[in-house]
Number of protein chains: 2
Amino acid sequence: MPEPLTIAAAAEFIRTGALSPGDLLEQCLQRLYRYEEQVRAWVYLDRDGARDQAARLTAELKAGQYRGPLHGVPIGVKDIIDVFDMPTGCGSKRWANSYARRDADCVARLRRAGAIVMGKTVTTTFASFDPPITGNPWNLSHTPGGSSSGSAVAVACGMCLGALASQTGGSITRPASYCGVYSLKPTHGRVSVDGVLPLAPSLDHVGVMANCVRDLALLLQPLARTDSDAVPAPYHYHGELKQESYKRLKQLAALPDFPPTAGPEMAKAFDAFRDRTRSANWVWTELPLPPAFADVPPFHSTVMAVEAAAYHTERLRRHSDDYPPKVRSLIEHGFNTPAPHYANVMTHYRELREEIDWAFVDTWKTFITPATAGPAPTAETTGDPAFNSPWSYVGLPTVSLPFGWSADGLPLAVQLIGERWREDDLLAVASMLEADTGFARRPVPL
Amino acid sequence: MPEPLTIAAAAEFIRTGALSPGDLLEQCLQRLYRYEEQVRAWVYLDRDGARDQAARLTAELKAGQYRGPLHGVPIGVKDIIDVFDMPTGCGSKRWANSYARRDADCVARLRRAGAIVMGKTVTTTFASFDPPITGNPWNLSHTPGGSSSGSAVAVACGMCLGALASQTGGSITRPASYCGVYSLKPTHGRVSVDGVLPLAPSLDHVGVMANCVRDLALLLQPLARTDSDAVPAPYHYHGELKQESYKRLKQLAALPDFPPTAGPEMAKAFDAFRDRTRSANWVWTELPLPPAFADVPPFHSTVMAVEAAAYHTERLRRHSDDYPPKVRSLIEHGFNTPAPHYANVMTHYRELREEIDWAFVDTWKTFITPATAGPAPTAETTGDPAFNSPWSYVGLPTVSLPFGWSADGLPLAVQLIGERWREDDLLAVASMLEADTGFARRPVPL
């Protein structure tokens, strides 16, 4: 079985005719059939539909039409995101056969760019914290993370070359990091959530997972909203950076005040990673966060719980059997939150979003933190989102970058945080860091 | 079993406390249980949810909150329109358990106005022409009309006091007329189609059915869009008209050039109706339509077929078993239509919409025609939409008004057509006509 290709590599083969969309799809399907029984990444597979799409995209190529680097690239879609005439199960028993009548905006955009939708990837129920059926391919008794569990695993196993995911707390960064794949959570509002089950609209982000930074950039290109009312700055990925920009960009800001504590294994690995980057001429600085940042963890929980309750409370009352314990307690917590507290939190949320943007004004910088407290824990939980939720709250774009392995062979990752609306700069920095530090990919041990 | 109330009457009882929302709902449920086995108007009934809503609305009344005339009014919703956590089956086997994740805009608006959603009413498959399981309550071997079959029957049987319906050809006017209920198809664009299965967006309208003209006006009030970009004139129903307006308004324009031919029974009844109105001081004039109107019937078919095919073609190929013969041939017709023909038709469509508006500029008038060629035919078809489709094409608002009975005891109706965005005037005229001509309601013979 061939090693999974990156999108960037596959695109080159497809563009030059060295590989057809159909053959690329069959490679993905082979890996899917090889691993799926063990990892359970997919809730719905549309093999015939994917083959039809591949045939159509092959015919286009023969007719001289090339849509760009996603032409013929098989992707997975998290099962809270609508794909026309596939069910959007949302991890719910009752909604398991709820066929979507149209594509979500993000799906329609990837399709127009030539991507092939293979099917729907497992989500935790309603994108919350209840452990899914999915296993971590690096150790099946450990969690793949959540809520975008299936998307991370499908990409890690090469069942697809990229995947749509979503994050309200740490639902993109955490599973990507636990599974050793790359992820991008764009700026809040950069990608439309039209056609996506809400969890907490003030925090909900659609993002992507793939096997290298460049692939993240290629996936974001068609997804990024360009309507100037919604997004002040367009997104353009320029592929290669001009040499003279490098010095300015090779600067990372650690966050001494960032509250979560990494476990000993991550702390040690993160220190070693810092030393490695320094010897590749990366400059590390330290940046104090605004004091108001200290309130973020509990306030994030409040927003998530209250907005989840706004959507789910009535349904939970009527169909409590459709709610596993963690999402149920989230909703109940939200329902019992006094409204004035939520109102105060939302004031803090708006003010902090403005305040934190000032950190980027004087000198250009990228924040760096561990992506998680440590490697994926065992499967009773989906892991701790504490390193990620604050960035969902303030809405800054983040990239997670695998950089090493735990003693037990589980992936470890760093998290880079960039300036609002500047995914292009963030991805450029991530790409240079990737090139300088060289994550050694391994085949999944299954 | 008490006679079904109009919304206007029920609202007065509820406002004054003479009737509770719960008791009104139970009256509707009684009639539903009495007739449903014979007529099959509903595809999904949410009895417990409706009772919960009634209890909540009763509690609001006790707390002094009165939402207005729809407070506690039970309604039915055509099954191509999303209602949160009920399936939107669209008459499709494959979509029968497709639960909606949110209310359609029109449903959300009626809920905010206090309406109680009892459930989903039968639609023909994908709102096209294949006969539904639903029977006409005036004669079960005859069609109730389509595609809003269940909405018309549910209102006719008093299972709910009003219903949401939709029309692309004659899918509101025709079933309402065949079933002896009142209907309003508003101006194209007046009511949002967000959350509604498209058939042909250039022709798709959401509208309402009820048991008197005033009820139509009350239902439209919360539904009408007020965002000034989308609709140039707001809708306000003033309830009572000032005496001095009457003379100007009691003027009806027959359309000698309007192509469809009424059957002998309708022709005779329509003549008698004209005489009846004249003796009530209604002035009849004749109005020639723009010559371009002659092309409307085939062009309407083209738009409907092409736009239906744009949505359904790929799905039809993959799930042909989900498409009964008439909708299938509609889609195939659309698929085989040369695009330049459709482009020419759309030019005609835009120009005629502008041109026909000039007919209203000089003198205020309401067009009048039979609503259908005759009473409901037997159940092999859903009847002929030829009297209605042109008004879907030009997008003018229409009201259907039952006025009599066929020899076999089936209802007959006239269709009134008003000026664009002037549903208020149209409903005022319809209301006066209703008062002057007095349709004698009968209990359904079941």
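Reading the values: rules and limits
- Counting of residues starts from 1 at the beginning of each chain's written sequence and follows it residue by residue.
- Here every chain gets a letter starting at A, and every ligand a number starting at 1, in the order they are written.
- Local features are withheld for residues below a pLDDT of 70 in this predicted model, meaning they are given only at 70 or higher, and side-chain atom pairs are given and counted only at 80 or more; totals for whole chains, interfaces and linings count all residues.
- Heavy atoms throughout the structure, all of them, feed into the side-chain values; hydrogens and water do not.
- Helix and strand assignments come from DSSP, with helices taken as H or I runs of at least 4 residues and strands as E runs of at least 2, each series counted from the N terminus.
- We take the radius of gyration over the C-alpha atoms and set the globule estimate at 2.2 Å times the residue count to the 0.38 power.
- Burial classification: accessible surface area is computed with a 1.4 Å probe over protein chains only, and a residue below 20% of its type maximum counts as buried, one above 50% as exposed, and the rest as partly exposed.
- Between two residues, a contact is recorded if the distance between any of their heavy atoms is within 4.5 Å.
- His is not counted here, nor are the chain ends, while Lys and Arg score as positive and Asp and Glu score as negative.
- Think of each charge as sitting on NZ of Lys, CZ of Arg, CG of Asp or CD of Glu.
- What counts as a ring pair is set by centres within 6.5 Å for rings of Phe, Tyr and Trp (its six-membered ring), and what kind of pair is set by the plane angle: stacked under 30 degrees, edge-to-face over 60, tilted for all other angles.
- By this definition, two strands are paired if DSSP reports at least two bridges between them.
- Here, axes are lines fitted to C-alpha atoms. For helices the fit covers the stretch in contact, and angles between N-to-C directions go from 0 to 180 degrees.
- Two parts placed together each lose some accessible area under a 1.4 Å probe, and the buried area is that loss summed for both.
- One side-chain nitrogen of Lys or Arg within 4 Å of one carboxyl oxygen of Asp or Glu is enough to make a salt bridge.
- Identification of polar contacts relies on pairs of N or O atoms within 3.5 Å, with a donor-acceptor requirement for protein atoms, meaning one able to donate a hydrogen and the other able to accept it, and with residues adjacent in sequence counted only if both atoms are side-chain atoms.
- Residues are grouped as follows: Ala, Val, Leu, Ile, Met, Phe, Trp, Tyr, Cys and Pro are nonpolar; Asp, Glu, Lys and Arg are charged; every other residue, Gly included, is polar.
- A residue counts toward the fit only if its pLDDT is at least 70 in both copies, and the copies are then superposed by least squares on the C-alpha atoms of those residues.
- Seen with its strands pointing away from the viewer, a crossover is right-handed when the path leading from the first strand over the helix to the second is clockwise.
- Boundaries of every domain are those given by an automatic assignment or by a domain database.

Quick look at the overall build of chain A now. Across its full length, chain A holds 14 helices and 11 strands. Relative to the 2.2 N^0.38 estimate, which gives 22 Å for 446 residues, the radius of gyration of chain A is 20 Å and therefore close to what a compact globule would have. Along the three orthogonal principal directions, the C-alpha set of chain A runs to about 60 × 60 × 50 Å. Buried residues in chain A amount to 62% of all 446 residues. Put simply, 79% of the contacts in chain A that link residues at least 6 apart link residues at least 24 apart. Taking the average place of the 43 positive charges on the side chains of chain A and the average place of its 48 negative ones, the gap between the two points comes to 3 Å.

Residue and element names in this part refer to chain B. Within the secondary structure, Glu60 sits in helix α3 (residues 47-62). Look at Glu60 and you get buried, because its relative accessible area is 13%. Separated by 11 residues in the primary sequence, Glu60 and His71 place their C-alpha atoms 9.6 Å from one another. Once you skip the residues sitting within four places of it in the chain, Glu60 turns out to touch Gln65, Arg67 and His71.

Residues and elements named next belong to chain A. A complete count under the given rule lists 26 aromatic pairs over all chains for this structure. Pairing Phe258 with Phe293 gives two aromatic rings, centres 6.1 Å apart and planes at 55°, and the pair type is tilted. Within this pair, whereas Phe258 is found in the loop between β7 (251-254) and α9 (264-279), its partner Phe293 is found in the loop between β8 (283-286) and α10 (296-318), the two being separated by 35 residues in sequence. Judged by relative accessible area, Phe258 falls into the buried class, the value being 8%. Under the relative-accessibility criterion, Phe293 is labelled buried at 2%.

All names here are of chain A. In this structure, the amide linkage connecting Gly146 to the following residue, Ser147, adopts the cis form with an omega of 5°. One can find Ser147 in the loop between β3 (116-121) and α5 (149-156). A positive phi angle, close to 60°, is found at Asp85, a residue other than glycine. Relative to the helices and strands, Asp85 is located in the loop between β2 (74-78) and α4 (105-112).

All names here are of chain B. A sheet is described by the order of its strands in space; here 11 strands give the open sequence β1-β3-β2-β4-β6-β5-β10-β11-β9-β7-β8, paired in mixed fashion. Two strands in the sheet have a free side with no partner beyond their single neighbour: β1 (42-45) and β8 (283-286). Here the average twist between neighbouring strands, direction ignored, is 30°. The pairing of strand β7 (residues 251-254) with β8 spans 4 bridges and is parallel. In the sheet register, Gln251 faces β8, and the bridge partner there is Val283. Each of β5 (182-185), β7, β9 (366-370), β10 (398-405) and β11 (411-417) is contacted by helix α14 (residues 423-437), which is oriented at about 10° to β10, the strand it contacts most.

It is worth spelling out the interface of chain A and chain B at this point. Reports often express the size of an interface as the amount of accessible area lost when the parts come together. Listed per partner, the contact involves 26 residues of chain A and 25 residues of chain B. Between chain A and chain B, roughly 2000 Å² of surface is buried when both sides are summed, and carbon and sulfur atoms account for 40% of that area. Along the contact surface separating chain A from chain B lie 10 salt bridges. Note that B:Arg94 is salt-bridged to A:Asp85, the shortest N-O span being 3.6 Å. At the surface where chain A touches chain B, the tally comes to 18 residue pairs in polar contact (both at pLDDT 80 or more). Within the side of chain A that touches chain B, the residues separate by chemical class into 10 nonpolar, 6 polar and 10 charged.

Think of it as a corkscrew move, a rotation about one axis and a shift along it, taking one chain copy to the other. For the pair chain A and chain B, the best superposition has an RMSD of 0.0 Å and corresponds to a rotation of 180° with a translation of 0.0 Å parallel to the axis. Accordingly, the operation relating the two chain copies is best matched by a two-fold axis. For chain A, the smallest separation between a C-alpha atom and the rotation axis is recorded for A:Ser98, amounting to 1.7 Å. Of the residues that chain A buries at the interface, 96% are likewise interface residues in chain B, meaning the two copies contact each other through the same surface.

This brings us to the sheet that holds β8(A). Residues and elements named next belong to chain A. Taken together, the 11 strands give an open sheet; going across it, the order is β1-β3-β2-β4-β6-β5-β10-β11-β9-β7-β8, and neighbouring strands pair in mixed fashion. Of all the strands in the sheet, the pair left with one neighbour each is β1 (42-45) and β8. On average, each strand axis in the sheet is tilted by 30° relative to the strand beside it, whichever way the strands run. Taken together, the 3 bridges between β1 and β3 define a ladder with antiparallel strand orientation. By the bridge assignment, Trp42 is partnered in β3 with Thr121. Each of β1 and β3 touches helix α3 (residues 47-62); the most contacted strand, β3, lies at about 160° to it.

The next thing to look at is the pairing of β3(A). Residues and elements named next belong to chain A. Of all 6 residues in β3, 6 are buried; the element is thus mostly enclosed. Bridge count for β2 against β3 is 5 bridges, and the pairing is parallel. The residue of β3 that forms the bridge with Pro74 is Ile116. On the question of chirality, the crossover connecting β2 to the parallel β3 by way of α4 is right-handed.

The next point concerns the domain arrangement of chain A. Residues and elements named next belong to chain A. Each assigned domain of chain A is listed here: domain 1 (7-247 + 365-437) and domain 2 (292-356). Just the C-alpha atoms count here: the centres of domain 1 and domain 2 sit 25 Å apart. Taken together, the contact pairs 30 residues of domain 1 with 28 residues of domain 2. Put simply, domain 1 and domain 2 have 0 salt bridges between them. Considered class by class, the residues forming the side of domain 1 that touches domain 2 number 15 nonpolar, 10 polar and 5 charged.

What follows is about the side chain of A:Ser151. All names here are of chain A. Along the polypeptide, Ser151 turns up in helix α5. With relative accessibility at 0%, the residue Ser151 sits in the buried group. Among the polar contacts listed, one links the side chain of Ser151 to the side chain of Thr121, at a separation of 2.8 Å. Those residues within four positions of Ser151 in sequence are excluded, and the remaining contacts are Lys78, Thr121, Val122, Ala163, Leu164, Ala165 and Met209.

This paragraph deals with helix α4 (residues 105-112) of chain B. Buried within α4(B) are the following residues: B:Cys106, B:Val107, B:Ala108, B:Arg109 and B:Leu110. In the segment just after α4(B), B:Gly114 is the residue with positive phi, at about 105°.

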